[in-house]
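Now for the letters of each chain:
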Amino acid sequence: MSPAALAIFDLDGVLADTAHLHFRAWKTIADELGIYFDEAFNQQLKGVERIGSLRAILAHGELELTELEVAAFAERKNALYLDAVAHLTPNDLLPGVLAILENIKNRGMQAAVASASRNAPLVLDRLGIADRFIFVADPALSRPKPAPDLFLACADAANTPPSQCIGFEDAVVGITAIKEAGMRAIGIGDRKILKEADIVFSSVAAVNLEEVLKYRKILDGFST
Ligand code: B16
Ligand code: MG
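Residues numbered from 1 in each chain as written. Chains lettered and ligands numbered in written order. Predicted model: local features only at pLDDT ≥ 70, side-chain atom pairs only at ≥ 80, totals over all residues. Heavy atoms only, no water.

Student: Quick question: what am I supposed to make of the overall build of the chain here?
Tutor: Summing up its helical and strand segments, the chain has nine helices and six strands in all. Relative to the compact-globule value of 17 Å for 224 residues, the chain shows a C-alpha radius of gyration of 18 Å, a close match. C-alpha atoms of the chain, sized along the principal axes, occupy 55 × 40 × 30 Å. The burial tally for the chain puts 46% of its 224 residues in the buried class. Sequence-distant contacts in the chain: of pairs separated by 6 or more residues, those separated by 24 or more amount to 61%. (Helix = DSSP H or I, 4+ residues; strand = E, 2+ residues; numbered from the N terminus. Rg over C-alpha atoms; globule rule 2.2 N^0.38 Å. Buried < 20%, exposed > 50% of the residue type's maximum accessible area, 1.4 Å probe, protein only. Contact = heavy atoms within 4.5 Å.)

Student: Got a minute to help me understand the coordination of the magnesium ion (ligand 2) in this structure?
Tutor: Four donors placed tetrahedrally around a metal ideally meet at 109.5 degrees, and six donors placed octahedrally ideally meet at 90 or 180 degrees. Surrounding the magnesium ion (ligand 2) are the protein donor atoms Asp10 (OD), Asp12 (O) and Asp170 (OD), at 2.0 to 2.2 Å. In primary-sequence terms, the residues that donate to the magnesium ion (ligand 2) follow D-x1-D-x157-D. This pair shows no difference in class: aspartate 10 is buried, exactly as aspartate 12 is. (Donors = N, O, S within 2.8 Å, 3.2 Å for Na, K, Ca; no water.)

Student: Sorry, what's going on with the pairing of strand E4 (residues 165–169) here?
Tutor: Looking along a regular strand, one sees the side chains alternate between the two faces of the sheet. With five of five residues buried, E4 is to be regarded as a mostly interior element. As defined by bridge partners, strand E1 (residues 6–9) adjoins E4 across four bridges and the pair is classed as parallel. Pairing of isoleucine 8 across the sheet is with glycine 167, part of E4. Here four bridges tie E4 to strand E5 (residues 184–188), and the two strands are oriented parallel to one another. Paired with glycine 167 across the bridge in E5 is alanine 185. Where the polypeptide runs from E4 across helix H8 (residues 172–180) and back to E5, its parallel neighbour, the crossover connection is right-handed. (Pairing = 2+ DSSP bridges. Right-handed = clockwise from strand over helix to strand, strands pointing away.)

Student: How should the packing of helix H1 (residues 19–33) against helix H4 (residues 67–85) be read in this particular structure?
Tutor: In the contact formed by H1 and H4, the axes pass within 9 Å of each other and the chain directions differ by 140°. Taken together, the axes of H1 and H4 are oblique relative to one another. Crossing of H1 over H4 shows right-handed handedness. Seen from H1, the contacting residues are Leu21, His22, Ala25, Trp26, Thr28, Ile29, Glu32 and Leu33; seen from H4, they are Phe73, Arg76, Lys77, Leu80, Tyr81 and Ala84. Of the residues assigned to the contact of H1 with H4, the class counts are nine nonpolar, two polar and three charged. (Axes fitted to C-alpha atoms, helices over the stretch in contact; angles between N-to-C directions. Parallel < 35°, antiparallel > 145°, perpendicular 65-115°, else oblique. Left-handed = near helix turned anticlockwise from the far one by under 90°. Nonpolar A, V, L, I, M, F, W, Y, C, P; charged D, E, K, R; others polar.)

Student: Would you take a moment to explain the environment of serine 202 for this structure?
Tutor: On the secondary structure map, serine 202 appears in the loop between strand E6 (199–201) and helix H9 (209–220). Taking the C-alpha atoms as reference points, serine 202 and aspartate 170, separated by 32 residues in sequence, lie 9.6 Å from one another. Excluding its chain neighbours within four sequence positions, the residues that come into contact with serine 202 are Ile188 and Gly189.

Student: For this particular structure, what's the right way to read helix H6 (residues 120–127)?
Tutor: Note that an α-helix has 3.6 residues per turn; residues three or four places apart therefore point the same way. Looking only at H6, the buried set comprises Ala120, Val123, Leu124 and Leu127. Across the axial projection of H6, the buried residues extend over an arc of 100°, all falling on one side. Two residues or fewer past H6, glycine 128 is found with a positive phi of approximately 75°. (Arc of directions from axis to C-beta.)

Student: Help me understand the domain arrangement of the chain in this model?
Tutor: One frequently used descriptor of interface size is the decrease in accessible area upon assembly of the parts. Along its sequence, the chain is carved into domain 1 (6–16 + 94–216) and domain 2 (19–85). Distance between the C-alpha centres of domain 1 and domain 2: 25 Å. Listed as interface residues are twelve residues of domain 1 and, on the opposing side, ten residues of domain 2. Surface buried jointly by domain 1 and domain 2 totals about 960 Å² across both partners, of which 56% is contributed by carbon and sulfur atoms. The residue lysine 46 makes a salt bridge to aspartate 170 at a minimum N-O spacing of 3.8 Å. At the junction of domain 1 and domain 2, the tally comes to two residue pairs in polar contact (both at pLDDT 80 or more). (Domains from an automatic or database assignment. Buried area = accessible area lost by both parts, 1.4 Å probe. Salt bridge = Lys/Arg side-chain N within 4 Å of Asp/Glu carboxyl O. Polar contact = N/O pair within 3.5 Å; in protein donor to acceptor, adjacent residues only side chain to side chain.)

Right, here's the structure in full:
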């Protein structure tokens, strides 16, 4: 087996917990629209791009809006989210992120970001880790997850075959995208939910990179 050469990270839920900021912004919009919206429903929006998230909220509230209204509410949500992003600092990195990025670098591997967020470059900058990645895929140029496009764009930019890439994701749609891209999928979260992942850790801090890199070998040792 060739060693993995490129580690591709999702942002929200893997590098930082920006989900609660998305939640607060969507909650303001949902309240304005008279739609009940709670943390439980917000879970379904993990990894879902902006307009897709708004459409899911509208469907949840059985509300129909014109395309112009959809665009306006999405823009307003983004303005609220950007207000929150302005307060992000390196302290908002999830535990273990700096250590894993350092470990990856020390192994001669590269790192990239495949996030559904159009704000990813700005968020990475606020978190102080923008220079750790050779590439940040642009969701405006890709089909949204679960399509593999964002992950394939990273592999392409690094000139690395998908078989030598590993993807880290907290969302079911993201794990599907990684598998569709032909890469090894590392789930961050609950293994009962991230069933398609090759291996799951409860958090980034719990990731054992050694185990991840050996995983294909371990699988090969089994007859199933
Ligand atoms: P934006 P990820 C996703 O980030 C979030 O999980 C999702 O809640 C959000 O709607 C999406 O980014 C789009 O974000 O509105 O900033 O473009 O998990 O793919 O890093
Ligand atoms: Mg995520």
